[in-house]
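One-letter residues, chain by chain:
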Amino acid sequence: MGQGLQNRIVILLPYLWLLILFLAPFGIVLKISFSDTAIAIPPYTPLWDWSDIRGFFAELDFENYTWLLEDDLYWKSYLSSLRIAAISTLITLLIGYPMAYAMAKAPKNIRPTLLMLIILPFWTSFLIRVYAWIGILKNEGYINIALEWLGIIDEPIMMLNTDFAVFVGIVYSYLPFMILPLYATLEKMDGSLIEAAKDLGCTEVSAFWKVTLPLSMPGIIAGCFLVFIPAIGEFVIPDLLGGSDTIMIGKVLWSEFFRNRDWPVASAVAVLLLLILIVPIVLFQHFQQRAEQN
Amino acid sequence: MQKLSPFNITALTLGFAFLYIPILLLVIFSFNESKLVTVWGGFSTKWYASLMQDKAFLNAAWTTFRIALVSATIATVLGTMAAMALVRLGKFRGRTLFSGMIYAPLVMPEVITGLSLLLLFVAMNVTRGFWTITLAHITFSMCYVSVVVSSRLHSFDVSLEEAAIDLGCNTIQAFFKVTLPIILPAVISAWLLSVTLSLDDLVIASFTSGPGATTLPMEIYSSVRLGVSPQINALSSLLVGLVGGGVILASIISRRQISKEQH
Amino acid sequence: MSHNVFAPWDDPNAVPLVEIRGLLKRFGDFVALDHIDLNVYPREFFALLGPSGCGKTTIMRMLAGFETPTAGTVKLEGQDLAEIPPYSRNVNMMFQSYALFPHISVADNIAFGLKQDKRPKDEIAARVEEMLSLVQLGKFAHRKPHQLSGGQRQRVALARALAKKPPLLLLDEPLGALDKKLRQETQFELMDIQEKLGLTFMIVTHDQEEAMTVASRIAVMNEGKIVQVATPNTIYEHPNSVYVAGFLGEVNLIAGKAHRLDDHHTELHWAEGEPPLRIDHPLEGTDGVDATLALRPEKVSISHEEPQAGLCRVQGTINDIAYTGNLSIYFVKLSNGVIIKAQEANSRRLEHRNYTWEDTVWLSWRPTAGSLLLQ
C-alpha cells in the first residue's frame with residue numbers, strides 16, 4: 001500500500017543518512033586506531049581488508065593503545081580533562097544557581113525577557129565569545145589595566161594561558177546550559193511548599209536548604225551533566241585561553257592529528273575519549289529517565 | 001506580584017554583567033582608532049572599512065553563508081522527517097538505534113565527530129571542500145532539528161491529523177495542509193538554529209574542509225591564534241549584531257503573534 | 001408496534017446502515033473488543049455507553065478507519081470497510097478535542113472536507129453558508145478557532161463534520177468539554193439537527209444521562225463486550241444484568257433464591273424468617289436459582305404504617321437521610337444488614353418531615369416494579 005511506502009521513506013531517508021555519515025565513520029575510526037602510522041597520504045597503512053575478518057582478529061594491532069598507556073601524556077590529559085571539567089562544572093553551578101533562583105522568583109511578566117537574555121549569548125558565535133576573554137585576561141588586558149590604574153597592583157597578573165582562564169572560558173560558554181534546567185525546575189516549584197515550611201517553623205534560609213534545594217536536585221543534576229559532558233572534549237577553550245601546560249584531551253587529539261599527522265594515534269585517543277564519555281552519558285540518561293517517571 | 005529581594009537583584013545584576021560585559025567591550029573597542037585593542041585611541045570605523053577590503057575574509061564569509069543556508073535547509077527537511085518517524089510512526093525495526101543516532105551527536109565531542117567524518121571522506125576518496133563541510137553540518141544539524149521538532153510534535157494533538165484524514169486527506173496531504181502549518185514556528189526556529197550552528201562551527205569544519213574552502217570561523221581562529229586584532233573585533237561585532245538583532249526581532253515577532261492570537 | 005413509532009430494530013425487513021459482525025480487537029495481550037455484533041439503522045441516534053477503557057471509542061475509531069480489526073467485519077451501507085482507507089470512507093467524525101485546525105478560519109474549517117473532494121467553488125460557498133446558519137455561527141465565519149468560546153467551537157466541529165453530508169456521523173464525547181448547563185442545551189440542539197438532516201448519528205459517551213436524553217438506542221459496554229442494546233426506557237426499567245442496572249442510575253440490589261410460583265410469577269427468598277418477595281415476571285432459570293432483585297429507589301415508598309395488601313414489603317430502621325433539596329433519600333437497614341434506598345420527592349417543607357433517624361419504617365413497592373436478574 002502507498003501508506004507503507006511513505007512511512008518507509010520517512011524512516012529510511014534520515015536513518016540511512018545517519019548510518020552512513022554518523023555510525024559508519026566510527027567504524028572507520030575504530031579500524032584506523034588499530035593501524036600503523038605511515039608517511040603517506042593518507043598517513044596510515046590499512047591493517048586489513050574489509051572482507052578479511054579473520055585476518056583482522058589474527059593481526060589486531062594494539063600498538064597505538066599500548067603507546068597511549070605507556071606515554072603518560074595521554075593519561076595525564078584524560079585526568080586533567082576530567083579535573084578541569086569537574087571544577088568548571090562546580091563553578092558554573094555556584095554562579096548559575098543564584099541566577100536561576102532569582103529568575104524563578106522574578107515577576108512573571110519579566111521572566112520571558114530574562115530567559116531570552118540568558119539564551120541570547122548562546123546564539124552568538126562561541127568562538128567570538130571565547131575570543132572576547134583574551135582581551136580581558138591578557139597581561140595588557142582590561143582587568144590588568146584597571147587594576148594598575150587603581151593602584152592595586154604594580155605588575156600585571158598573569159591570567160591568560162593559565163587553567164584559571166580555561167575555567168573562566170568554560171563557565172562563561174556553558175552558563176546557559178546550567179541555568180536553563182535549573183530555572184525549569186525552580187520555576188514550576190509550588191510556592192506553597194516554602195510557605196508550609198515556614199509555617200512549620202523554618203526560617204527563610206533553612207526552608208531553602210530543607211525544601212528548595214532538595215526539590216531542585218533534578219535540575220542540578222541535569223545542568224551539571226550538560227556542562228560536564230561537553231567540557232571534557234572541549235578544544236577551542238583550552239587552545240585559545242589555556243597555557244602550554246593546560247592539557248585537555250580534545251587539544252591532544254587535535255595536535256596529534258594536525259601537527260603530528262599521526263592519524264592512528266589520534267583515532268585511538270578518540271576511541272578512549274568515547275569510552276570515558278559513556279559513563280557520564282549513561283548516568284545522565286538514567287537520571288533523566290528517573291526524573292521523567294516521577 | 002512579589003518584589004525581588006536585594007540578594008536576588010544582586011545575583012541577576014552580577015550574572016548578566018558577567019554574560020554581557022565581555023561582548024560589550026568587544027563591540028566598543030571595535031570602534032577604536034588605536035591598533036592596540038585594549039587602549040582607547042578615539043572613535044573610528046576604519047577597521048570595518050579595512051574588513052570590507054579584506055578578500056580572504058569576504059571569501060570565507062561567502063563560503064560560510066552558502067554552507068549555512070544549504071546545510072540548514074537540508075537538515076531541516078531530514079530532521080523533520082526523523083522527528084515524524086520517532087513521534088508518529090511508533091515502533092519500527094531499529095528504532096532504538098535510530099533514536100540513539102539522533103541523540104548521540106548532541107553529546108559527541110566535536111573533535112570526534114570531525115575526525116570520524118574526515119576519515120570517512122578519505123576512505124571514500126571524496127575531494128574535500130564545500131560539499132564535505134556541508135554534509136558534515138547537515139549531519140549534526142539534523143539531530144538538533146529533530147529534537148526541536150519532536151518536542152513540538154509531542155504536544156501536537158494527533159486528532160488534528162485524524163480530522164484531516166477523516167475529511168478526505170491522505171497522510172501526505174494531511175501533513176502539508178495541517179501538521180506543517182501548525183508546527184511551522186518550531187520548524188523555522190530549528191532552521192535558524194541550524195544556520196547558527198553551521199555559522200559557528202570551527203572544529204568540524206577544520207577537519208572536513210579541503211584546500212580552497214575556508215570558513216569564517218577557521219579564518220577567525222587562525223588570526224586569533226596570532227593575537228587580538230581590532231579587525232577581528234569589528235568582524236565579531238558585525239556577527240554579534242547580526243545574530244543578536246535577528247534573535248531579538250524573531251522573539252518580538254513571535255510575541256506579537258502570540259498576543260494577537262490571544263485577542 | 002404502531003407504524004408511527006420509530007423502531008427499525010424491531011422490523012425484520014429493515015436494512016441496517018452499519019453491520020458489525022464478530023469484531024475482535026487485540027492490543028498485544030489486551031482484548032479491547034471481544035466479538036462484537038451490532039446493527040445500527042438509518043436515522044438512528046445510537047449511543048455507545050460505558051466506562052473509560054470499555055472499548056466504545058475503539059468501535060468508533062474502527063468505523064472512521066483509524067484502527068484495523070484483528071478479526072471480524074464492519075460494513076457500511078452493505079459495503080465492507082476493510083479495504084477502504086479512512087480518507088475515502090463515507091463517515092465523518094466529530095472529535096472529542098474538536099480538532100479544529102487552528103491556522104485557518106471557521107469557514108475554511110467547515111469547507112476543508114468539501115475542498116478536499118474538489119467540489120465546485122460556488123457549491124462549497126453555499127454549503128458553508130448553510131452549515132454556518134444551521135449552527136448559528138454566521139457572524140463568526142472569518143474568526144480563527146481560538147477566538148471562539150468552548151460552545152462555539154463545539155458547533156464549528158459539528159458543522160465541519162456535517163458539511164459532507166455523511167450518511168454516518170460519529171461523535172466522540174462531543175459535549176464532554178462543556179459545562180453542565182450548556183451541555184443540556186446542546187443535547188437538544190444535537191437531536192434537532194439530527195432530526196432535521198435525517199442522518200444517522202453514533203455517539204460515544206460515558207455520561208449515562210446524556211445517552212438517555214439523546215439516544216434512540218443505547219449499547220451498554222463493559223470490558224470490550226456489549227452487555228445490552230436497547231432503548232433508554234428498556235435499559236432503565238429492564239436491565240438485563242446487575243452491571244447495567246448499576247451503571248445507569250441508582251439501584252437497590254436484594255440477593256436471594258428465586259422460586260417459581262406459576263407461569264407469570266416468581267418469589268424471591270432473600271432472608272431467613274422473612275416473607276418472600278413476589279415478582280410479577282416469569283422465572284427464566286431453574287427453580288431455586290441464585291438471583292438478584294434490582295429496584296430503583298424512586299419506586300420504593302416509605303411509611304410508618306403497614307402498607308396495603310398486594311404490595312411487596314420489608315421492614316427496617318432508618319440509618320441515614322440524604323437531603324438534596326428536591327429529594328430526600330432514606331437509607332433503611334433491613335434485618336439481614338442490607339441497606340435499601342428509598343427516594344421521596346420533598347413536596348412538603350423539611351420541618352414537616354415525618355421520618356427521622358432510628359425510626360422503624362416499612363418499605364413497599366409494586367410487584368411489577370423490580371427486575372429479577374439471574375447471574
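This one's a predicted model, so the numbers in the text were calculated from it and none came from an experiment.

### A few points about unusual backbone geometry
Residues and elements named next belong to chain C. The backbone of alanine 99 shows a phi angle near 50 degrees, a positive value even though the residue is not glycine. Among the structural elements, alanine 99 can be located in the loop between β6 (91–94) and α2 (106–116). The phi dihedral of glutamine 136 is positive, around 55 degrees, even though this residue is not glycine. Residue glutamine 136 is classed as exposed on the basis of its relative accessible area, which comes to 56%.

### Details of the packing of aromatic side chains
Across all of its chains, the model carries 36 aromatic pairs over all chains by this definition. The interplanar angle of 55 degrees and the centroid separation of 6.1 Å between the aromatic rings of phenylalanine 235 of chain A and tyrosine 221 of chain B together place this pair among those described as tilted. Of this pair, phenylalanine 235 of chain A sits in the loop between α11 (217–232) and α12 (236–241) while tyrosine 221 of chain B sits in helix α10 (residues 216–224), each in a different chain. Just as phenylalanine 235 of chain A is buried, tyrosine 221 of chain B falls in that class too. Members of the aromatic cluster, joined through ring pairs, are Phe235, Trp254, Phe257, Phe258 and Trp263 of chain A together with Phe207 and Tyr221 of chain B. Here the guanidinium or amino end of arginine 160 of chain C rests over the ring plane of phenylalanine 101 of chain C, the centre of that ring lying 4.6 Å away. Against the face of tyrosine 236 of chain C rests arginine 296 of chain C, its NZ or CZ located 4.0 Å from the ring centre.

### Structural notes on the interface of chain C and chain B
The accessible area lost on association of the parts is a frequent measure of interface size. Contact with chain C, which involves 22 residues of that partner, is made by 19 residues of chain B. Both faces combined, the contact of chain C with chain B buries some 1,900 Å², and carbon together with sulfur accounts for 60% of it. By the criterion of area lost to chain B, the three top residues of chain C are Tyr87, His103 and Gln116 of chain C, representing 30% of everything that side buries. At the boundary of chain C and chain B, one finds 1 salt bridge. Glutamate 162 of chain B is the salt-bridge partner of arginine 61 of chain C, the closest N and O atoms lying 2.6 Å from each other. Between chain C and chain B we count 9 residue pairs in polar contact (both at pLDDT 80 or more) in total. When contributions to the side of chain C that touches chain B are tallied by element, the ones reaching two or more residues are α1 (56–64), β6 and α2 of chain C. Looking at the side of chain C that touches chain B, its residues break down into 12 nonpolar, 7 polar and 3 charged.

### As for the packing of helix α4 (residues 72–105) of chain A against α11 of chain A
Residues and elements named next belong to chain A. For the pair α4 and α11, interaxial distance at closest approach is 9 Å and the crossing angle is 140 degrees. Crossing of α4 over α11 shows right-handed handedness. Contacts between α4 and α11 pair Ser81, Leu82, Ala85, Ala86, Thr89, Thr92, Leu93 and Tyr97 from the former with Ile220, Cys224, Val227, Phe228, Ala231 and Ile232 from the latter. Looking at the contact of α4 with α11, its residues break down into 11 nonpolar, 3 polar and no charged.

### Examining the interface of chain B and chain A
Tallying the contact residues gives 82 residues for chain B and 81 residues for chain A. For the pairing of chain B and chain A, the buried interface totals around 7,500 Å² over both sides, and the portion due to carbon and sulfur atoms is 82%. Viewed at the interface, chain A and chain B are joined by 1 salt bridge. Aspartate 239 of chain A is the partner of arginine 225 of chain B in a salt bridge, and the nearest nitrogen-oxygen pair spans 2.7 Å.

### Regarding the pattern of salt bridges
Residues and elements named next belong to chain A. Considering all chains together, one arrives at 25 salt bridges over all chains under this definition. Note that aspartate 163 and arginine 83 form a salt bridge whose closest N and O atoms lie 3.1 Å from each other. Taken together, the positions of aspartate 163 in helix α8 (residues 163–187) and arginine 83 in helix α4 put the pair 80 residues apart, joining distant regions of the chain. Taking the relative accessible area as the measure of exposure, aspartate 163 reaches 23% and is therefore partly exposed.

### Some details on the domain arrangement of chain C
Residues and elements named next belong to chain C. The domains assigned to chain C are domain 1 (8–242) and domain 2 (250–373). Spacing between the C-alpha centres of domain 1 and domain 2 amounts to 39 Å. Domain 1 puts 8 residues into the contact, and the matching count from domain 2 is 7 residues. Here domain 1 packs against domain 2, burying approximately 630 Å² in sum over the two surfaces, 49% of which is carbon and sulfur. Applying the counting criterion to the domain 1 and domain 2 interface returns 1 salt bridge. Linking glutamate 237 and lysine 299 is a salt bridge whose minimum nitrogen-to-oxygen distance equals 3.1 Å.

Thresholds applied
Residues numbered from 1 in each chain as written. Chains lettered and ligands numbered in written order. Predicted model: local features only at pLDDT ≥ 70, side-chain atom pairs only at ≥ 80, totals over all residues. Heavy atoms only, no water. Helix = DSSP H or I, 4+ residues; strand = E, 2+ residues; numbered from the N terminus. Buried < 20%, exposed > 50% of the residue type's maximum accessible area, 1.4 Å probe, protein only. Phe/Tyr/Trp six-rings, centres within 6.5 Å; stacked < 30°, edge-to-face > 60°. Lys NZ or Arg CZ within 6 Å of the ring centre and 35° of its normal. Contact = heavy atoms within 4.5 Å. Buried area = accessible area lost by both parts, 1.4 Å probe. Salt bridge = Lys/Arg side-chain N within 4 Å of Asp/Glu carboxyl O. Polar contact = N/O pair within 3.5 Å; in protein donor to acceptor, adjacent residues only side chain to side chain. Nonpolar A, V, L, I, M, F, W, Y, C, P; charged D, E, K, R; others polar. Axes fitted to C-alpha atoms, helices over the stretch in contact; angles between N-to-C directions. Left-handed = near helix turned anticlockwise from the far one by under 90°. Domains from an automatic or database assignment.

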